[in-house]
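Structure at a glance
Here are the chains, one letter per residue:
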Amino acid sequence: MLTGWRLNVSKLFLIPQRYVLGLMGFFAIVNAYTMRVALNIAITEMVYPVNKTAYPDPEACIIKEDNSSDSSKPLHPENLYAWDGETQGIILSSFYWGYLITHLPGGILAEKFGGKYTLGLGILSTAIFTLLTPAVIYLSDGKWQVLVALRVIEGLGEGTTYPAINTLLAQWVPLHERAKIGSLVYAGGQIGTVLSNIVSGALIQATNDWSSVFYLFGGIGVLWFLLFCSICYSSPEQHPFISDEEKSYLKKELDNVSTEKLPIPWQAILTSIPLWALVCAQIGHDWGFYTMVTDLPTYLKDVLKFNIGQNGIWSSLPYIMMWTVSMLSGYLCDWLVRKNYMTVTFSRKFFTTVASVGPAVFLVVASYSGCDRILSVAMFTIGMGFMGTFYCGMKVNALDLSPNFAGTLMAIVNGVGAITGILSPYIAGALTKHHTLAEWRTVFWISFVIFNVTNLIYLFFASGEEQWWNNPKKNVEDRAEKGQNDIPMKSRNDQL
């Protein structure tokens, strides 16, 4: 009776469940980024205006239209705080202190108990602390150390997001759909940034209150959690409403994903050259991405003199372009691999290189665009557009290397990359104490070097092939059938 009821319910779902999971994963990343990025816009209206006369800038932009006064006019003078550039850098980077810590535990928990609740509870905890942010700031009278502590706690919750999602994708997504669905899910970062920038700017301007953005995005995060827990499951075997056809299809396509809970081969993982090449690529991507996400609103306000409403709109354009490119390149990458025009390894390296060189060049060019607002924003937009190909390049590469340990690999890769989230905002704040164009140019040149050095390492050492330690027992059995037992079982076991 129950089986028949489940079968009937499954027929109501016209969309395959792997796409439902992909869509909810996309919204998970959207929510994660709206809650993470909301402070980047809000903080421009939480601090006292910069005193430009204290340190004159020979390249300072003089905007003819009468809106420069709006950009420095405090919305709520009684709720402004004396946080200098370096302090703001610490506040903005503090999220990643906690974010870094929970990556590896999150990956291990997701692989052991399933990604559903590891992901869901992580987003829920971040949503709750986002809702509490204004109250904490008001009650502490703007004590920045207290805000830093709160942001660290938020980061602890959100640190499980990417490892848990990677574990879910490994259980649900076939190889030939990996770039497409992976790009959709991970591109939620751009959409979340776009929504956070546009909505935050408009909402602060409309309500005359920076706290409103924390209430909005925290509340949406709670709603997402309730919906996600109702319709998504950790694996096809656990899903009560999946069709038999889709379950059979996924079982066939994902035969390299073990249904057993395998012991994590730590030595093999930590000595894997392709994995560390992937870590380098992640460092390059994250340095440039976090520099832009965290500091672009400040650059547009302090250098190009955009007011809060304009800042939200113009800050979002680069991420709209990045999202568009990531979606198109995901389909293109899958098509090129499916048609055998590119191997998986070459496609990962090619699209990662495009995503490294393009932003590196155009971010520097933007800094030499001077006070030309349109040209500067256009250069930022083109540069971030190129970055969109990272997602079908290195971002899904952990799934290629080891679907069985995708959560652990993502924890290592994204966790190490998160260190740049700590360093880049702090360094940007320390280097731009006087908010001059020349200071910001140095920030973008540093990004240029990091992008290109990390990409060269990835080009030489990356791989798109499944690694032997993904399933050592099955690997050895397959090689025995082919008469290729050139690596003894004992030596492989010694590495586990």
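Please refer to the structure higher up on the page.
Predicted model only: the values in this text are computed from it and were never measured.

Helix and strand counts for the protein stand at 23 helices and zero strands. Burial statistics for the protein: of 496 residues in total, 58% are counted as buried. Here the protein has roughly 20000 Å² of accessible surface; of this, 67% comes from carbon and sulfur atoms.

The full count for this structure, using the stated rule, is five salt bridges. E158 is paired through a salt bridge with R36; the nearest N and O atoms lie 2.9 Å apart. Linking E158 in helix α7 (residues 144-158) with R36 in helix α2 (residues 17-42), this pair joins segments that are 122 residues apart in sequence. For the pair E158 and R36, a shared accessibility class is recorded, and that class is buried.

Note: disulfide means a covalent bond formed between the sulfur atoms of two cysteine side chains. Overall, the coordinates contain zero disulfides when judged by the stated rule. You can see C333 has no disulfide; the closest cysteine sulfur is in C392, sitting 4.4 Å from it. The exposure class of C333 is buried, given its relative accessible area of 1%. You can call C392 buried: its relative accessible area is 0%.

When a protein is soluble and globular, its nonpolar side chains tend to lie buried together. L119, Y186, F289, Y299 and Y319 are the most contacted members of the largest nonpolar core, which totals 110 residues. Those residues in contact with F289, other than ones at most four positions away along the chain, are Y33, T193, Y319, M322, M384 and M387. Grouped together as the second largest cluster of nonpolar side chains are six residues, A179, M342, F351 and C392 included.

Cut-offs applied
Residues numbered from 1 in each chain as written. Predicted model: local features only at pLDDT ≥ 70, side-chain atom pairs only at ≥ 80, totals over all residues. Heavy atoms only, no water. Helix = DSSP H or I, 4+ residues; strand = E, 2+ residues; numbered from the N terminus. Buried < 20%, exposed > 50% of the residue type's maximum accessible area, 1.4 Å probe, protein only. Areas by Shrake-Rupley, 256 points an atom, 1.4 Å probe, with all protein chains shown as cover. Salt bridge = Lys/Arg side-chain N within 4 Å of Asp/Glu carboxyl O. Disulfide = S-S within 2.5 Å. Core = buried A, V, L, I, M, F, W, Y, C linked by side-chain atoms within 4.5 Å. Contact = heavy atoms within 4.5 Å.

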